[in-house]
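Structural features, examined
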Amino acid sequence: MFMNTHLTRDSALRVADDYKNKYNLSGNILEEIEHTVTFHDEFDSVNGPVWLVTVTIKPHELCVENEYTIVVSDKEEVVKYIVDPNGHCFCPHLE
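Summary of the structure given here. (Residues numbered from 1 in each chain as written. Predicted model: local features only at pLDDT ≥ 70, side-chain atom pairs only at ≥ 80, totals over all residues. Heavy atoms only, no water.)

**A short note on the overall build of the chain**
How we decide: Runs of H or I in DSSP of at least four residues are treated as helices and runs of E of at least two as strands, each being numbered from the N terminus. For the radius of gyration, the atoms used are the C-alpha atoms, and the globule rule reads 2.2 Å times the number of residues raised to 0.38. The buried label goes to any residue with under 20% of its type's maximum accessible area, the exposed label to any with over 50%, and the partly exposed label to all in between, with areas taken from a 1.4 Å probe on protein chains only. Residue contacts are defined here by distance: any two heavy atoms, one from each residue, within 4.5 Å place the two residues in contact. Using the Shrake-Rupley algorithm and a 1.4 Å probe, accessible areas are obtained, with residue cover drawn only from the displayed protein chains. We score Asp and Glu as negative and Lys and Arg as positive, and we do not count His or the chain ends. Each charge is placed at NZ for Lys, CZ for Arg, CG for Asp and CD for Glu.
Helix and strand counts for the chain come out as two helices and six strands. Secondary structure elements of the chain occur, N-terminal to C-terminal, as α-β-α-β-β-β-β-β. Relative to its length of 95 residues, the chain is compact, with a C-alpha radius of gyration of 13 Å against a globular reference of 12 Å. Dimensions of the chain, computed from the C-alpha atoms along their principal axes, are close to 40 × 30 × 25 Å. The proportion of buried residues among the 95 residues of the chain is 37%. Put simply, 44% of the contacts in the chain that link residues at least 6 apart link residues at least 24 apart. With the model as given, the accessible surface of the chain reaches about 6,100 Å², and the carbon-plus-sulfur share is 48%. Of note, the chain has its 7 positive side-chain charges centred 6 Å away from the centre of its 17 negative side-chain charges.

**Focus on the environment of His35**
You can see His35 is positioned in helix H2 (residues 33-36). As for His35 and Leu52, which are separated by 17 residues in sequence, their C-alpha atoms are 9.9 Å apart.

**Section: the pattern of salt bridges**
Working definition: two side chains of opposite charge can pair if their charged atoms are close together. Let me state the cut-off plainly: Salt-bridge detection follows one rule: a side-chain nitrogen of Lys or Arg within 4 Å of a carboxyl oxygen of Asp or Glu.
Counted under the stated rule, the structure contains one salt bridge. In this structure, the salt-bridge partner of Lys80 is Glu76, at a minimum N-O distance of 3.0 Å.

What follows is the structure, given as structure tokens:
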């Protein structure tokens, strides 16, 4: 598996799903966990390793992609932010 992680793939998925439900975010987290939940030693401005959880959404005329990504900090075991379909970051928990 992964060296020195706080979260497992399943627990990272649970953190993301709980967050999605708490903030009433649209979309579905696919059951194909191998491709939906990925581990990265580093990502963007997050301090330490992260889990990226892909959420599929209905295509929209203003969006290039049909998915967004929930960024889960492995170290803190919380969602840091979301990368929307156009690549912009936002944080529902800070709004």
